Amino acid sequence: MTGTLEEMKGEELEIESRILVFYLIWSALIAVVIIVAGVLEFLITGNSGYKNISLPQLLTARGNSLIFPFNPIQIIRGVIELKSFAIIQLGVILLLFTPFGRIFLQILIFAREKDRAFTVIAATVFVILLISLYTVRFLS
Amino acid sequence: MSDPIVVYLFMLVGLSLLAGVIGALGGLGGGVLIVPFLTLFIGVPIPLAIGASIVSVIATSSGSAAAYVRDRISNIRIGTFLVLFTTSGAIFGAFLEHIVPTAFLFLTFGIVLLISIVPMVRKLGEETPAEFKNDSIAEKLSLNSEYHDAKQGKNIKYNVTGTRSGSAMMFVAGVLSGLLGIGSGAFKVIAMDLAMKLPIKVSTTTSNFMIGVTAAASAGIYFLTGDVNPFIAAPVAVGVLIGAVAGTKILVRIRSSTVRKIFAVIILAVAIEMLLRGMGVHT
């Protein structure tokens, strides 16, 4: 064993921040690549995989699952059928979940450091994020 | 596929790229200009513009957060503690967005843009703040830390105060993020700088670390209610991301306050336009 406790703690943090950096970059990158793939498919085939509509309708379409999917089950179904808008939405939803994963990773890191207060704080943030998804049912 | 659809797709990418570059050059996230650009230039309904913008905020924040964890200036403990309040605020903001009238959104947006200009033209808190003790919450959670300042060539230790008022301001920053689909970085920096008296470098980098998580709290709501339209959100996310990266690279080279002031004028014009929209004056 070499080095003081203080130095060892510093080294450990280094590895953990590296994991965090790796996660942050790659999770976003994968999501963006999927989004770009969906856009390219749309450009090449000219088919969204959903209802064919005019440009003004497309620019103002909201909450209409005939035009684009927005719940996870519809998205997975669309992706299996290789529909371009479903692929884009898969990338978008992955992107939206990257911060969930980041906080989850932080819970593990704080727990490993035996930092009880911050394990609880990070876990609470995670719960708040989950609650945000639940609140949608009061809006639709 | 009809040609206008292709043209619009590229227009969306181009406009978002521009918003990303201007945002980065002005020291803002880039998200703050997306909604004005989409609503004013392309005629996208404001809820869809907000839905696309919040997605782009997450896209750009992950990359910058990674950079800030690496440079070890951002204070992850402070950031994690404060996102408790920004995420709660963001849920509230996203709810509010679904019930308030459109004019209210334009007006709030105009005001937020005006406030965002303040840190661009007037430098917030100078280098090393005066010495003070930790407040009780900061002491308990050991929020104080230190960072290496390359310019001064030494480590700078700092304490944290005003955690309560800082947290309250973070809730407001979260509400604005959820309501308007922005990262509300300027407000986070103001809260950490003014209330908690953190060194400005720590405030800006920690704010960037917090933006993605804050945005995620309302982005899920926008997505699941069907306000994230892939035809708009995809080109916007990609455009802003490329624009912000390019803007940051350019920023390192020019570093001039005059450039910032030029962009401040552009944002001022956009702010006035949004306010006029909100008041029902179409220009």
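Refer to the preceding data block for the structure.
Fair warning: this is a prediction, and the values are worked out from it, not measured in the lab.

(A) Main features of the overall build of chain A. In terms of helices and strands, chain A carries five helices and zero strands. Beginning at the N terminus, the succession of helices and strands in chain A can be written as α-α-α-α-α. For chain A, buried positions account for 43% of its 140 residues. Taking the contacts inside chain A whose residues are at least 6 apart along the sequence as the reference set, 55% of them involve residues at least 24 apart. Of the roughly 7,900 Å² that chain A leaves accessible, carbon and sulfur atoms contribute 68%.

(B) Seen up close, the interface of chain B and chain A. Contact with chain B, which involves 56 residues of that partner, is made by 55 residues of chain A. Summing both sides of the interface, chain B and chain A together bury roughly 5,000 Å²; the carbon and sulfur share of this comes to 80%. For the interface between chain B and chain A, the tally reads two salt bridges. A salt bridge links Arg62 of chain A to Asp227 of chain B, with the nearest nitrogen and oxygen atoms 2.8 Å apart. Linking chain B with chain A are nine residue pairs in polar contact (both at pLDDT 80 or more), by the criterion used here. At the level of secondary structure, the elements contributing two or more residues to the side of chain B that touches chain A comprise α1 (3–25), α3 (46–71), α4 (76–99), α9 (200–224) and α10 (230–254) of chain B.

(C) Expanded view of the pattern of salt bridges. Inspection of the entire model under this criterion finds three salt bridges over all chains. Put simply, Glu81 of chain A and Lys83 of chain A hold a salt bridge, and the shortest N to O gap is 3.5 Å. When its relative accessible area of 21% is taken as the criterion, Lys83 of chain A is described as partly exposed. For Arg77 of chain B, the salt bridge goes to Asp115 of chain A, with nearest N and O atoms at 2.8 Å. Highlighted residues: Arg77 of chain B in helix α4 and Asp115 of chain A in the loop between α4 (84–112) and α5 (116–134), drawn from two different chains. Under the relative-accessibility criterion, Arg77 of chain B is labelled partly exposed at 23%. On the accessibility criterion, Asp115 of chain A (13% relative accessible area) is buried.

(D) Quick look at the pairing of strand β2 (residues 154–158) of chain B. Residues and elements named next belong to chain B. One ladder, built from five bridges, connects strand β1 (residues 145–149) with β2; its direction is antiparallel. The partner of Ser145 across the bridge, within β2, is Tyr158. The antiparallel pairing of β1 with β2 creates a hairpin that spans four residues between the two strands, and Gly153 there sits at a positive phi of about 65°.

(E) The arrangement of α4 of chain B in detail. Residues and elements named next belong to chain B. Over its 24 residues, α4 extends 34 Å from the first C-alpha to the last, a length consistent with the 34 Å expected when each residue adds 1.5 Å. For α4, the principal kink sits at Val83 and spans about 30°. The opening residue of α4, the one whose side-chain oxygen lies 3.1 Å from the backbone nitrogen of Arg77, is Asn75.

(F) Region of the structure containing the packing of aromatic side chains. The tally for this structure, following the rule as stated, stands at 13 aromatic pairs over all chains. With a centroid separation of 6.0 Å and an interplanar angle of 75°, the aromatic rings of Tyr134 of chain A and Phe138 of chain A are classed as edge-to-face. In this structure, Arg102 of chain A packs its charged tip against the face of Phe209 of chain B, placed 5.1 Å from the ring centre.

Rules and cut-offs
- Residues numbered from 1 in each chain as written.
- Chains lettered and ligands numbered in written order.
- Predicted model: local features only at pLDDT ≥ 70, side-chain atom pairs only at ≥ 80, totals over all residues.
- Heavy atoms only, no water.
- Helix = DSSP H or I, 4+ residues; strand = E, 2+ residues; numbered from the N terminus.
- Buried < 20%, exposed > 50% of the residue type's maximum accessible area, 1.4 Å probe, protein only.
- Contact = heavy atoms within 4.5 Å.
- Areas by Shrake-Rupley, 256 points an atom, 1.4 Å probe, with all protein chains shown as cover.
- Buried area = accessible area lost by both parts, 1.4 Å probe.
- Salt bridge = Lys/Arg side-chain N within 4 Å of Asp/Glu carboxyl O.
- Polar contact = N/O pair within 3.5 Å; in protein donor to acceptor, adjacent residues only side chain to side chain.
- Pairing = 2+ DSSP bridges.
- Expected span 1.5 Å × (residues − 1).
- Bend = angle between axes of the 7 residues up to and from the residue.
- Phe/Tyr/Trp six-rings, centres within 6.5 Å; stacked < 30°, edge-to-face > 60°.
- Lys NZ or Arg CZ within 6 Å of the ring centre and 35° of its normal.

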